Amino acid sequence: MRLGMPALIEMDSVEQNAALCRELGLDFIELNANLPMYQRPDTAHFRRVADTYGVFYTIHLDDNMDVCDFNPRVARAYTDTVLETVRTAQELGVPVLNMHLSRGAYFTLPDKKVFLIEKYREDYLARMAAFRDLCQEAVAGRDVIITVENTTGFTDVQKEAVDVLLQSPVFHLNYDVGHNACTGGQDEVFILARKDRLRHMHLHDAVPEKKQDHMTLGAGRLDIPSLLGLMEGKDKTVVLEVKTEDALRSSVCYLRERGMIK
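First, a word on what this report is: a plain description of the structure on this page. All values derive from a computational prediction rather than experimental measurement.

Right, let's talk about the overall build of the protein chain for a bit. A tally of helices and strands in the protein chain yields 10 helices and 12 strands. A globule of 262 residues ought to have a C-alpha radius of gyration of about 18 Å, and the protein chain, at 18 Å, matches this closely. On the principal axes, the C-alpha backbone points of the protein chain span a range of 50 × 45 × 30 Å. Burial statistics for the protein chain: of 262 residues in total, 52% are counted as buried. The contacts in the protein chain between residues at least 6 apart in sequence include a share of 74% that link residues at least 24 apart. The distance from the centre of the 31 positive side-chain charges to the centre of the 40 negative ones in the protein chain is 3 Å.

This part is about the pattern of salt bridges. Under the counting rule described, the total for this entry stands at 13 salt bridges. Between Arg-221 and Glu-209 there is a salt bridge, with its nearest N and O atoms 3.4 Å apart. Of this pair, Arg-221 sits in the loop between β11 (212–215) and α9 (224–229) while Glu-209 sits in the loop between β10 (205–207) and β11, and the two are 12 residues apart along the sequence. You'll find Arg-221 and Glu-209 in the same group, each marked exposed. Among the charged side chains, a salt-bridge network with shared partners connects Glu-23, Glu-245 and Arg-249.

On to the packing of aromatic side chains, then. Going through the model one piece at a time under the given rule, you end up with seven aromatic pairs. Geometrically, the ring pair formed by Phe-70 and Tyr-120 is edge-to-face, given 5.8 Å between the ring centres and 65° between the ring planes. With Phe-70 in the loop between β3 (56–60) and α3 (72–92) and Tyr-120 in the loop between α4 (116–119) and α5 (121–139), this residue pair connects regions lying 50 residues apart in the sequence. Here Phe-70 falls in the partly exposed class, since its relative accessible area comes to 25%.

Around the barrel, eight strands lie side by side as β1-β2-β3-β4-β7-β8-β9-β12; this closed barrel has parallel pairing. Going across the sheet, the axis of each strand differs from the next one's by a mean of 30°, ignoring polarity. Examined bridge by bridge, strand β8 (residues 171–176) and strand β9 (residues 198–203) share four bridges and lie parallel to one another. Note on β9: the bridge partner recorded for Asn-174 is His-200. Sheet strands touched by helix α1 (residues 14–23): β1 (2–6), β2 (28–32) and β3. Its angle to β2, the strand with the most contacts, is close to 150°.

It is worth spelling out the environment of Leu-166 at this point. On the secondary structure map, Leu-166 appears in the loop between α6 (156–165) and β8. Owing to a relative accessible area of 9%, Leu-166 belongs among the buried residues under this scheme. With 28 residues separating them along the chain, Leu-166 and Arg-194 place their C-alpha atoms 9.5 Å apart. The residues touching Leu-166, leaving out its near neighbours within four places in the chain, are Phe-171, His-172, Leu-173, Arg-194 and Arg-197.

For the rest of this paragraph, the subject is the environment of Gln-90. On the secondary structure map, Gln-90 appears in helix α3. Assessed through its relative accessible area of 47%, Gln-90 is described here as partly exposed. Sequence separation of Gln-90 and Asp-69 is 21 residues, and the distance between their C-alpha atoms is 27 Å.

Okay, the side chain of Asn-174 next. Note that Asn-174 resides in strand β8. Beyond its immediate sequence surroundings of up to four residues, Asn-174 is in contact with Asn-98, Thr-147, Val-148, Glu-149, Asn-150, Ile-191, Leu-198, His-200, Met-201 and His-202.

Turning next to empty space enclosed by the protein. Under the counting rule described, the total for this entry stands at one cavity of 30 Å³ or more. Roughly 50 Å³ of volume is contained in the largest cavity. For the lining of the largest cavity, the secondary-structure elements that each account for two or more residues are β4 (96–100) and α5. Taken together, the residues of the lining of the largest cavity break down into seven nonpolar, two polar and one charged.

Criteria and thresholds
- Residues numbered from 1 in each chain as written.
- Predicted model: local features only at pLDDT ≥ 70, side-chain atom pairs only at ≥ 80, totals over all residues.
- Heavy atoms only, no water.
- Helix = DSSP H or I, 4+ residues; strand = E, 2+ residues; numbered from the N terminus.
- Rg over C-alpha atoms; globule rule 2.2 N^0.38 Å.
- Buried < 20%, exposed > 50% of the residue type's maximum accessible area, 1.4 Å probe, protein only.
- Contact = heavy atoms within 4.5 Å.
- Lys, Arg positive; Asp, Glu negative; His and termini not counted.
- Charge placed at Lys NZ, Arg CZ, Asp CG, Glu CD.
- Salt bridge = Lys/Arg side-chain N within 4 Å of Asp/Glu carboxyl O.
- Phe/Tyr/Trp six-rings, centres within 6.5 Å; stacked < 30°, edge-to-face > 60°.
- Pairing = 2+ DSSP bridges.
- Axes fitted to C-alpha atoms, helices over the stretch in contact; angles between N-to-C directions.
- 1 Å grid on protein atoms, 1.4 Å probe; cavity = no way out; pocket = protein on both sides within 12 Å on 5 of 7 lines; lining within 4 Å.
- Points joined across faces, edges and corners; volume = space filled by probe spheres on them.
- Nonpolar A, V, L, I, M, F, W, Y, C, P; charged D, E, K, R; others polar.

In structure tokens, the structure reads:
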């Protein structure tokens, strides 16, 4: 298992993040493509930084990405962004790209919301399969995987979409434990039933009844040792997905004091 940190918004350069990563004895930084400086990085510079500090990168794709938008031009722009990021991953030696699944647009009726991905389920799943195939072609021969993260609770049609993606060896799962807790454990059974495809984790504490997550480890109610135990194995990566330097330092101390990491 390799342990990493998110690129922190309070830090203005990849060097600052890399210096903290090495100081804390962590292995990698998850670059967040929502931040402008990580959208089209200078790969030569980022490689020098990684080599200097002895770290590597993973990449979190744009939160708003919707590769199955029903406007084909919009969907293509997002898909092209993913394919471009695959090429960047190769240049940087990035082993993991992480993505969300968008629920997309919906209509609010008097008694319910109707999501377009549910109304046009077959079209949506066909678009997801086409995206899968493009990614598989782009990744061919490259040592990179794409993980799908649970966010606000997978809907039934999103679960079908995840299984469509998992038909390709390129796609795997990212278990975000705080998101799961704050949706009442909605995704746990689905993800653990596919544990053999679990390769990435966003680890943070949470208080589920208050819908609070991304908390410092030990500050909430999650069983951190058991969750971390799911990620045993050299091919697994875990991001301590807290949002500040102080929270990150405290979370690393929490793990070390309990002998969960060296």
